[in-house]
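Structural overview for review
Spelled out from the first residue to the last, the chains are:
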Amino acid sequence: MSAGQQMNDNQWHKVVVQRHGKSIVLIVDKFKKIKLAGTTADIDFGDVETNGFVYVGGLPGSFRGRLTSLALPSILFEPRFKGSIRNVMYRNCSRPKVRGEMIDFVGVRTNDLDLCMTHNPCLNRGVCTSTDTQAICDCTKIEFQGKYCEKERNPSEVTFRGTEYLSYNLLSQGGPIVSSKESIDLHFKTKFPDGLIFYSGDAGDYIIMSLKKGNILISVSLGSGVFDKTIPPDKGVTFHDNTWHHISVTRITRQLANNQGICQVEITIDNLDVIHGTTVGRFQMLSSSILYLGGSPDPKHLQGSTVDANFTGCIKKVIFMADHLYLPITDLARDNSSLIKRQGNLTFNKCQEVVFATPLTFTTSKSFLIIPKWDARNTGTIMFSFQTIEKYGLLMYTNGADATSDFFALELLDGYLYLILDLGSGVIKVKASMRMLCDGKDHKVELYHRKRSGTISVDGKHMRYKGKGRAQHLDLQGMMYVGGLKVGDMNKVPRQLWTAIFGYGYVGCLDNFAINGIPQDLAQLAKDQSIEGVDSGQCKKQPDHCPHKPCLNRGVCSEGWNRFTCDCSFTSYFGPICNQEAITLTFDGEQHMKFTMPEESQTEAEDISMRVKTTHQYGLVFATSSLKSLDRMELSIDNGQARLDLNLGSGAKTLFAGQSLNDGKWHTLRIERRLKNVVLKVDNLNPVTGKAKGQMAILDFKVIEAGQLQTDDSGLKIKQGFIGQMQNFYFNNMHLFEMANKNQLKNLEVTATIRKKDTIIEPMTFKTKLAYATLPKLKLHTTFSISFRLRTTEADGLILFNRGSKGDFIAIEISRGQIHLLLDTGDGARELKSLITAPLNDNVWHSVSVIRPKLHEYSLKVDNNQVMANFDRSRSKFDLDGRLYVAGVPTEMYSSLPNLLSSKHGYQGCLANIDLNGKQPNLAKEFKVRKKFEKMVVQGCTGPKFECTPSSCANQGVCLQSWESISCDCNMTSYIGSTCKKDSVAYKFAGSGGLVVFTHDIEDRLDREMDEIALGFSTKQSDAVLLRIEGGNTQDYIEMELVNGVVFVVYNLGTRDHPIGELFQRMDDGDYHVVRFIRNGQNASIQVDEMAVQTKHPLGQQLSVFNSQAQVYIGGRYDTESRRISRPFKGIISGLVLNGIRILDLVKEADPRITIYGSVIHSDVYFEKSDATTRNPFSPVNITQKPMDVVTKMQATSGFKTSLPTTTDDIIFSSSGSECLSDDEDCEIHSGSGSGSDDFITPSINITGTRTSLSVTPLAFINTTVQTVTATTSGSGCSDLDDENCKVVSHTTGSKTTIKMSATQKSTSVTLPPKTTNSTLTDASTLPSTNNATMPGIITYKTDNTHKQGKTFPTVILDITDQGSTTPAVKKTAKESSKANDNNTLSITIIVGIACGAFFVILVIAFIIYRVKKREAATYKIDEGKNYCDLTKECDGKKSPTKAAVEGTKKKDVKEWYV
């Protein structure tokens, strides 16, 4: 109850307190308040006989120990009364009033002299109080101190680091502080945007101040009404800017009717912003029983709190007032007041810069830090946050004076956080998180330890723990390891610390690390300790590494925290990226490896893996044994399965996994044990799980043996020795084989053979095909294996042969570069062939193994390619006698070898690593060699006398290696010679063009699935056909051409045209260029000079065979009907090779399959080499550069191939003569050359040729005169289009031949001399000599633009005249003279025909225009062949046309559109 006002006005006031039963009356002057006291039935105020004294003006300090006896315990902390009191009277039970007598007093005056009125000595607003002798000053509420408040008070600043806080708790000391008005006033400074600053409350009545995301958050509640206010900083200012900020919050309650109350809240920030608010509810007074300053044990779970972090920074001048109760919290804490409790290592009267270390990332599992020991004997705290995506890692570890005493550790196991603790009387292992924490998110860990128990909190979820036994303290003397342990210390840790045993250091980020409230600057510690494998900076997950495939040799990549890890257990390599070749231990059934531990080991968990390869059904892989117990772990191959026997002292538990492990392939075996649970896994098969027998979960062992047991005291069956190979044996953190190889293990005994995977063992060279050696006969049982390595350049030869007396035999030979296994067990010979794509005679080492893993099953493996066979009816036993022949047999034996063997001589090359059923013979000692062959069979692999090098063959020639010599394949170079440096046969296509035709004989017209073409050329012509190949009875063709100076090849195998070309460089520069084209099925590639290789892979259903290759046209495209050369080539072509046929060489040799038309001249002039072919294919092309004259340049190309595979863009080609789009159902496709406006207009030459062995009719012997012909649309001339039906009118007089033609400016038509027969060329004097005919006749071109009927028709008249040739002209026959006399009649007929044709064309055009106008709009798309398709019709559903559908139609010319 409260009443009165202005009681501090230095006037007398009357106060009366009355109680009648439960009714209490408070009267102050004229103010009166009445209330009922509680609901209790007891209405007596204690006992008059035993009640205590009445205290006036204050309470003595003795009440601090018995606050619960006070109605309002907080009154003890209020200031004592200062002033005057008189007439103190009281009465009980209606008795008369009694004036109390003073029994004792402290500081009570005996006079009323006010010395402060006469002289006030207090400065700086200090409060003056008079005593009997002097005036004294009260400086408690001001910022000064001293006798007269003359000295400025040191600020009561407190530094908080995120784990410390101040508090009081009155719940156990009598009751809360109750008031009608509260205020909290404080100053803070921080660099952190989040944290709890202040909390005061009692159940639902609270006031909270906090920082959240840089904003000030004020929350006020009185149980039924909440007032929340978020206050952002002003623009340009932040509240976590490490400068001082002031907060003042006041709340005042006022009672309304019906127990309703209203609370007024006033907030002031930095003395500038004043914010008002109210909250209404069922309350009357404010109450505070708990107070926190700077944080709390769990800020997230405080009622009304929305932050989960404590404050980090400095706080000063904290004044909490409840009515007249005045609590300077920081001053009380500094002065060690019994009211305020301290938590953590607080710093007073000084604001220290709180700097947490920048986050530290451990990037490898081998990195760690060492920090000073953790003092947690009585109390201790550890706080940190971490981020990782890795499931395993040792976070921290520390121990007592020795390894067997107290220890403490935190580790991640399978993504969960575990606490391991030993107070010296037993280990506890507490799972501190209920969900996996390896999710890459930030997780906060707080651990509070007190004596023998404590609490660990993960993300606000608490888990209590308590140590075992009677020990009461955690005595830690050692340094604390953070992130991992030293390699040498891994074996010294307790067995319960699994991550240390497995060698899993922590990889991830650590932040906000504090020990006992003291932040630890991990980054600075790492720098001071020169720790590698750590990185300071933000805790941020970097992009994934595995998409870049960093693991080599088929290692399996897994993402880690800012790193990747490679699982090499399925490979023959180890190391961070599986780049180090693992050693291989080879066991023959009697060999072993034995490792004895320095002392008896005990483990609760194991991770074991290894790779094995064997052809035997039984054999011990490894086993552990103990000298103190029957504990044992044993892994073996049992009937082709992996068998695990585990005995932890209560009997053996057996697991089986996998099958057919004796197939001679590498298999990976894994064992994972966690206490009694064990997992056995083979390769990538599903794991097999089980549980050990009994209650024990600890494996005792001292010895680890592999391959064979030396001693066995366990009572278990002794396993058969292992025959085969082992790699990558990991036992927990020990890579045993590699450590053994590097002599890093003591007490190690190894009798097995140690070698690298690709080590060549005891190589022997057989220099001739006659030499051979012998070994003792093979002993082949139900299962056996034979393996060796070979290196040769010879495609054929007998490698191994062993014969029996009853016809049994086994043989291995190389035939056409493939390995053949041949055998007979008495019931017929069987054969098994390797199926490798490339032949083995490539002068590199190859591995060969023959295995019979089971009866009737055989396996032939060459490198990584394996074939299997099941010979069901074959006998199981080989009856072999005599000796085993190696690399051949005596010469006289070849005729008697089994018929299946194709070898007629021995093997020539190197053999090594011979393994005969697990035995590796010492070849140098055990080989038996005839004396005459002793110098032909030598140790080592001497190799061929000559070896191919990059410079062996020039101009991209292919080097062919044999054992005695090398040679060069120059087919794809355009060169010849032993090293592809010599210029090959070249022909010049001169004058108006020429043509070479090569015709396959009927029996040689093959169906080819692959074509290889290479040629060199030089020209300044931008548009021409270099080469065309046509099928005999199909439309299949291949054409190589120049289009705008760019080289293209177009091929069609019966479906559609497929273009491919080099788009980056023009080739019409007069330089020498080499084109290489290869077609393999429907796919093709082209390379020009040393430019990037362009590839073509047509989509959809395609045909892949070029049927019946018949004719090859060189120098142009030949039309058999019009007898023309279309788009003739002018320049030089050299070194043409088509599928191994050098066609130009056949021309020179006068092969009967060659026919020559026009001016084709053999060129004996060599060209000067230029650098044109070595130009950068991607550099800008200088089109204006004037090339050197072609006759002064030699063939040239670089010697090394540089291929950058790219894909060409398609160019749309049409079929011959078709101007129709594929969606026009009314358009008919006509055979013939066509002359639509979309055609490239190309030169056309009319030819009459003679097919003889040497018949050449060059244009050089034809005189030229100039005439003018006027062309009309309806007369006797030709139209302005390139009409193939245009007839040529020829007038022949004497030795002159005059040719008339109407054409466009880009089209010429030349009629050559009439075709001659063999009989007209029998006289050698009449033969036109190609060597002498090097000076062409004078050819004059004249364009006469004749205007007729509004049209202009350029006319080209060629008069080709013999200019004094020494070779006589060929005489005309009578038939030819007759044709000349009929020229006039023929001309009239042509004119009439053309007129009729023109009229018909006009009708067709009119009809087409009509149809187009009537046609509906449609949408088009482009398919792979770049043909247009109307989407309103079926397109994709159509099947590709078959060759049968197009047979009989005319062969296509090529027609292109550029899109």
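The rules we used
- Residues numbered from 1 in each chain as written.
- Predicted model: local features only at pLDDT ≥ 70, side-chain atom pairs only at ≥ 80, totals over all residues.
- Heavy atoms only, no water.
- Helix = DSSP H or I, 4+ residues; strand = E, 2+ residues; numbered from the N terminus.
- Buried < 20%, exposed > 50% of the residue type's maximum accessible area, 1.4 Å probe, protein only.
- Contact = heavy atoms within 4.5 Å.
- Areas by Shrake-Rupley, 256 points an atom, 1.4 Å probe, with all protein chains shown as cover.
- Disulfide = S-S within 2.5 Å.
- Pairing = 2+ DSSP bridges.
- Phe/Tyr/Trp six-rings, centres within 6.5 Å; stacked < 30°, edge-to-face > 60°.
- Lys NZ or Arg CZ within 6 Å of the ring centre and 35° of its normal.
- Axes fitted to C-alpha atoms, helices over the stretch in contact; angles between N-to-C directions.
- Salt bridge = Lys/Arg side-chain N within 4 Å of Asp/Glu carboxyl O.
- Core = buried A, V, L, I, M, F, W, Y, C linked by side-chain atoms within 4.5 Å.
- Patch = residues over 30% accessible without salt bridge, like charges linked within 9 Å, V, L, I, M, F, W, Y side chains within 5 Å.
- pLDDT = per-residue confidence, 0-100.

Description of the overall build of the protein
Helices and strands together make up the secondary structure of the protein, namely 10 helices and 102 strands. By residue count, 49% of the 1459 residues in the protein fall in the buried class. Considering only contacts within the protein whose residues lie at least 6 apart along the sequence, 68% involve residues at least 24 apart. Element-wise, carbon and sulfur atoms account for 51% of the exposed surface of the protein, whose accessible area totals about 71000 Å².

Notes on unusual backbone geometry
Located in the positive-phi region is D414, a residue other than glycine, with phi close to 55°. Looking at the element boundaries, D414 is found in the loop between strand 31 (407-413) and strand 32 (416-422). Even without glycine at this site, N553 takes up a positive phi of about 55°. With respect to the helices and strands, N553 occurs in the loop between strand 40 (534-536) and strand 41 (556-559). Overall, the relative accessible area of 34% leaves N553 in the partly exposed class.

Re the state of the cysteines
Counted by the stated rule, this structure contains 11 disulfides. Note on cysteine connectivity: C122 is disulfide-linked to C137, with sulfurs 1.9 Å apart. Here C122 and C137 share a disulfide; its torsion about the S-S bond, -105°, makes the bridge left-handed. Separated by 15 residues along the polypeptide, C122 in the loop between helix 1 (115-118) and strand 6 (127-130) and C137 in strand 7 (residues 135-138) bring together distant segments of the chain.

Details of the pairing of strand 38 (residues 508-515)
Burial within strand 38 is extensive, with 7 of its 8 residues counted as buried. Across 3 bridges, strand 27 (residues 360-362) lies against strand 38 in antiparallel orientation. Within strand 38, the position partnered with F362 by the bridge is G508. Taken together, the 5 bridges between strand 29 (residues 379-387) and strand 38 define a ladder with antiparallel strand orientation. Note on strand 38: the bridge partner recorded for F386 is L510. Of the strand pairs in this sheet, strand 38 and strand 39 (residues 518-519) are connected by 2 bridges, and their pairing is antiparallel. Following the sheet pairing, I515 is matched in strand 39 by I518. Two successive antiparallel strands, strand 38 and strand 39, enclose a turn made up of 2 residues, where N516 displays a positive phi of approximately 50°.

With respect to the packing of aromatic side chains
Each aromatic ring pair is characterised by the separation of its centres together with the angle its planes make. Under the criterion given, the structure shown has 34 aromatic pairs. Between the aromatic rings of F622 and F729, the centroid separation amounts to 5.3 Å while the plane-to-plane angle is 45°, which identifies the pairing as tilted. With F622 in strand 48 (residues 618-625) and F729 in strand 56 (residues 723-731), this residue pair connects regions lying 107 residues apart in the sequence. When sorted by exposure, F622 lands in the same class as F729, which is buried. One aromatic cluster is present, formed by F362, F384, F386, Y506 and F513 through successive ring pairs. One residue, K316, lies across the ring of W244, its end atom 4.3 Å from the ring centre. If you follow K429 out to its NZ or CZ, it ends over the ring of W498, 3.8 Å from the centre.

Details of the sheet that holds strand 65 (residues 818-824)
The strand order across the open sheet formed by 6 strands is 61-70-63-64-65-66, and the pairing between neighbours is antiparallel. Pairing within the sheet leaves two strands with one partner each, and these edge strands are strand 61 (773-775) and strand 66 (830-833). Recorded for the sheet is a direction-independent mean angle of 15° between the axes of neighbouring strands. Here strand 63 (residues 797-803) pairs with strand 64 (residues 809-815) via 6 bridges, running antiparallel. Its bridge partner lying in strand 64, L800 is registered against I812.

Description of the pattern of salt bridges
Taken as a whole and judged by the stated rule, the model has 32 salt bridges. In this structure, the salt-bridge partner of E606 is R673, at a minimum N-O distance of 2.4 Å. Here E606, found in strand 47 (residues 605-613), pairs with R673, found in strand 52 (residues 667-674); they are 67 residues apart in sequence, far enough to count as distant. In this structure, R1008 engages D1011 in a salt bridge whose closest nitrogen and oxygen atoms are separated by 3.3 Å. Given the relative accessible area of 26%, R1008 is considered partly exposed.

A few points about the sheet that holds strand 46 (residues 593-603)
Here we have 7 strands laid out as an open sheet, ordered 51-50-49-48-55-46-58, and antiparallel in their pairing. Each end of this open sheet is capped by a strand with a single partner; those strands are strand 51 (652-657) and strand 58 (748-750). Recorded for the sheet is a direction-independent mean angle of 20° between the axes of neighbouring strands. When strand 49 (residues 632-638) meets strand 50 (residues 641-647), the two strands line up antiparallel, connected through 7 bridges. Bridging from a neighbouring strand, L635 pairs with L644 of strand 50.

Section: the nonpolar core
Counting 55 residues, the largest nonpolar core has I786, F801, I810 and I819 as its most contacted members. At 5 residues, strand 64 tops the list of elements feeding residues into this core. With 49 residues, the next largest nonpolar core counts F160, L211, V265 and L346 among its residues.

A short note on a nonpolar patch on the surface
Among the surface-exposed residues, F1400, V1401, V1404, I1405, F1407, I1408 and I1409 lie close enough to one another that they form a single nonpolar patch of about 650 Å² accessible area. By secondary structure assignment, the location of V1404 is in helix 9 (residues 1383-1414).

Considerations on the environment of R632
Mapped onto the elements of the fold, R632 is located in strand 49. A sequence separation of 20 residues divides R632 from A652, and the C-alpha atoms of the two residues are 8.3 Å apart.

Remarks on the confidence of the model for the protein
On average, residues of the protein score 78 in pLDDT, and 78% of them reach the 70 mark or higher. The lowest-confidence element of the protein is strand 98 (residues 1351-1356), averaging 31 in pLDDT; the highest-confidence one is strand 53 (residues 677-682), averaging 96. Confidence over residues 713-717 falls short of pLDDT 50; this stretch has 6 contacts with residues more than four positions distant or in other chains. When the criterion is pLDDT under 50, residues 1415-1459 qualifies, and its contacts beyond four places in sequence or with other chains add up to 121 contacts.

Notes on the environment of E157
Relative to the helices and strands, E157 resides in the loop between strand 9 (151-152) and strand 10 (158-161). A sequence separation of 160 residues divides E157 from K317, and the C-alpha atoms of the two residues are 7.1 Å apart. Dropping the residues within four chain positions of it, E157 is found in contact with W244, I315, K316, T347, F348, N349, K350 and C351.

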